[in-house]
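Observations on the three-dimensional arrangement
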Amino acid sequence: MRKAWVFFKLRMMQLKYDKLGLFFSYVFPVLLLLGIGYPVQMASNQRIEVAYLSDGLDAATQRLVEAANRSDLVEFVAFKGDRAQAERALVDNEIHYLLEPPPARASGAAATLALSTNSLKENRVGSLALSSILRGFGGDAPLVGEVVWRTVPVSERSSYVAVLLPGVIALTLLVIGLGGFGYVLIEEESQGLYKNLKTIDVSPLPFLSGLFMSRLLVAYTVAICMFAIGALVLHTPTDVNWPLLLLATTLGSLVFLAMGLLIFLFSRTVMAFNGIVNVVQLPLIMLGGVFFSVSLFPDWLRPLAEYSPVGAFTSSLRDLMFGGVGFARLPELYPEFATMAIWLAVLLLVSKWKFRW
């Protein structure tokens with residue numbers, strides 16, 4: 001343990017001189033999160049988009065849709081799917097507003113519009129603006145007499161920020177595991193460091209443990225920074241179960257570090273390591289739902305995405321940070337935790353089989 005502590009301190013001192021590594025661990029994810037998340041959180045579309053089912057419009061509502069689409073404020077878009085699919089899209093925040101079938105009314109009376117939205121805060125201002133705009137169509141002979149709203153209660157997990165923030169955390173920890181751990185090992189091996197260590201009869205365990213603990217500490221600090229930025233800038237919830245969040249972050253970090261170790265063990269050169277990382281990293285990011293929800297994937301691809309290491313990690317973070325999952329609902333996290341644990345066990349077992357000192 002003492003030797004591991006010595007190597008750990010050496011690795012932390014080494015980080016001070018790795019300016020590029022520090023940039024991609026701390027500065028780049030912050031810029032990525034703010035560059036994408038803040039505009040998405042604050043910006044509003046030029047036109048408010050309202051989905052409707054094309055087979056549910058009467059003549060008066062159709063005239064309103066045509067008049068609205070000629071304006072530069074509102075756009076009615078036909079939804080490609082049935083009623084159940086439209087409701088699912090509303091819950092998942094894939095559509096923000098849905099035009100309901102028109103209620104019965106007297107002949108010649110202004111239309112009473114029934115609209116649905118979800119309970120996300122980001123849609124509240126749009127709902128008020130949409131009501132005012134629709135009532136203004138027609139001038140002295142308004143096309144809309146009243147707007148009736150139905151609010152579908154949904155979790156904050158449906159917000160795009162709930163996709164982006166866990167995704168950026170997962171992406172950064174994946175980079176730390178592959179680049180900050182695996183790449184350091186292959187680079188030092190190419191420079192002959194391990195041959196020198198073997199001559200002084202140093203066990204590989206404290207050597208690897210020192211690097212491992214230093215990168216795990218970096219992963220923790222990066223995750224804390226991302227959580228803080230999410231709370232302070234993007235107004236994400238802070239009433240989360242912190243012990244479970246720590247457990248999920250630890251599991252995810254261990255999986256990515258073990259993945260970096262395994263790729264190092266299968267690489268003969270630095271070029272080979274970079275090639276394997278390029279082949280592995282992009283599918284993991286795409287399948288993990290880093291920048292978009294896994295719910296958008298086709299049905300045949302969704303199970304593969306959900307049981308990928310990045311997908312399981314991002315899903316657990318979203319459940320904890322935006323779904324209100326705690327110890328009372330711990331069984332909901334069993335699939336994600338089990339997936340990460342299985343990946344970790346497999347990666348470590350294969351690494352142990354492949355490892356030669």
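Above: the structure in question.
Everything quoted here is computed from the prediction, not taken from an experiment.

Quick look at the environment of Ala 129
- Looking at the element boundaries, Ala 129 is found in helix H5 (residues 124-135).
- The spatial distance from the C-alpha of Ala 129 to the C-alpha of Val 74 is 9.9 Å, given a sequence separation of 55 residues.

Regarding the nonpolar core
- Within the largest apolar cluster, 59 residues are counted, with the highest numbers of intra-cluster contacts made by Ile 169, Leu 174, Met 259 and Phe 313.
- Those elements that place two or more of their residues in this core are helix H6 (160-190), helix H8 (204-232), helix H9 (242-265), helix H10 (270-287), helix H12 (309-321) and helix H13 (334-354).
- No other element matches H6, which puts 15 residues into this core.
- Of all hydrophobic cores here, the second largest spans 19 residues; its members include Phe 76, Leu 99, Val 144 and Val 147.

A few points about the packing of H6 against H10
- Where H6 meets H10, the axes come as close as 10 Å, and the angle between the chain directions of the two elements is 170°. Judged by the inter-axis angle, H6 sits roughly antiparallel to H10. Taking contact as the criterion, the partners of Leu 171, Leu 174, Val 175, Leu 178, Gly 182, Tyr 183, Ile 186, Glu 187 and Ser 190 in H6 are, on H10, Val 270, Phe 273, Asn 274, Val 277, Gln 281, Leu 284 and Ile 285.
- Residue classes in the contact of H6 with H10 are distributed as 11 nonpolar, four polar and one charged.

A look at the packing of aromatic side chains
- Throughout the structure, instances matching the rule amount to four aromatic pairs.
- Against the face of Phe 266 rests Lys 354, its NZ or CZ located 4.9 Å from the ring centre.

Quick word on the side chain of Thr 236
- As for its position among the elements, Thr 236 is in the loop between H8 and H9.
- Here the side chain of Thr 236 touches Ala 231 through a polar contact of 3.1 Å, landing on its backbone nitrogen.
- Beyond its immediate stretch of four places on either side in the chain, Thr 236 contacts Val 161, Leu 165, Gly 230, Ala 231 and Phe 322.

Quick word on the pattern of salt bridges
- On inspection of all chains with the given rule, the structure shows five salt bridges.
- Arg 83 serves as the salt-bridge partner of Glu 87, at 2.8 Å between the closest nitrogen and oxygen. Of this pair, Glu 87 and Arg 83 both sit in helix H4 (residues 83-91), four residues apart, which is roughly one turn of the helix.
- In this structure Arg 83 comes out as partly exposed when scored by relative accessible area, which is 32%.
- In this structure, Glu 87 engages Arg 150 in a salt bridge whose closest nitrogen and oxygen atoms are separated by 2.5 Å. Residue Glu 87 is found in helix H4, and its partner Arg 150 is found in strand S5 (residues 144-152); the two are separated by 63 residues along the sequence.
- Connected through shared salt-bridge partners, Arg 83, Glu 87, Glu 100 and Arg 150 make up one network.

Points about the side chain of Ser 131
- Within the fold, Ser 131 resides in helix H5.
- Here Ser 131 falls in the buried class, since its relative accessible area comes to 8%.
- Those residues in contact with Ser 131 that sit more than four places away from it in its chain are Val 147 and Trp 149.

Cut-off values and rules
Residues numbered from 1 in each chain as written. Predicted model: local features only at pLDDT ≥ 70, side-chain atom pairs only at ≥ 80, totals over all residues. Heavy atoms only, no water. Helix = DSSP H or I, 4+ residues; strand = E, 2+ residues; numbered from the N terminus. Core = buried A, V, L, I, M, F, W, Y, C linked by side-chain atoms within 4.5 Å. Buried < 20%, exposed > 50% of the residue type's maximum accessible area, 1.4 Å probe, protein only. Axes fitted to C-alpha atoms, helices over the stretch in contact; angles between N-to-C directions. Parallel < 35°, antiparallel > 145°, perpendicular 65-115°, else oblique. Contact = heavy atoms within 4.5 Å. Nonpolar A, V, L, I, M, F, W, Y, C, P; charged D, E, K, R; others polar. Phe/Tyr/Trp six-rings, centres within 6.5 Å; stacked < 30°, edge-to-face > 60°. Lys NZ or Arg CZ within 6 Å of the ring centre and 35° of its normal. Polar contact = N/O pair within 3.5 Å; in protein donor to acceptor, adjacent residues only side chain to side chain. Salt bridge = Lys/Arg side-chain N within 4 Å of Asp/Glu carboxyl O.

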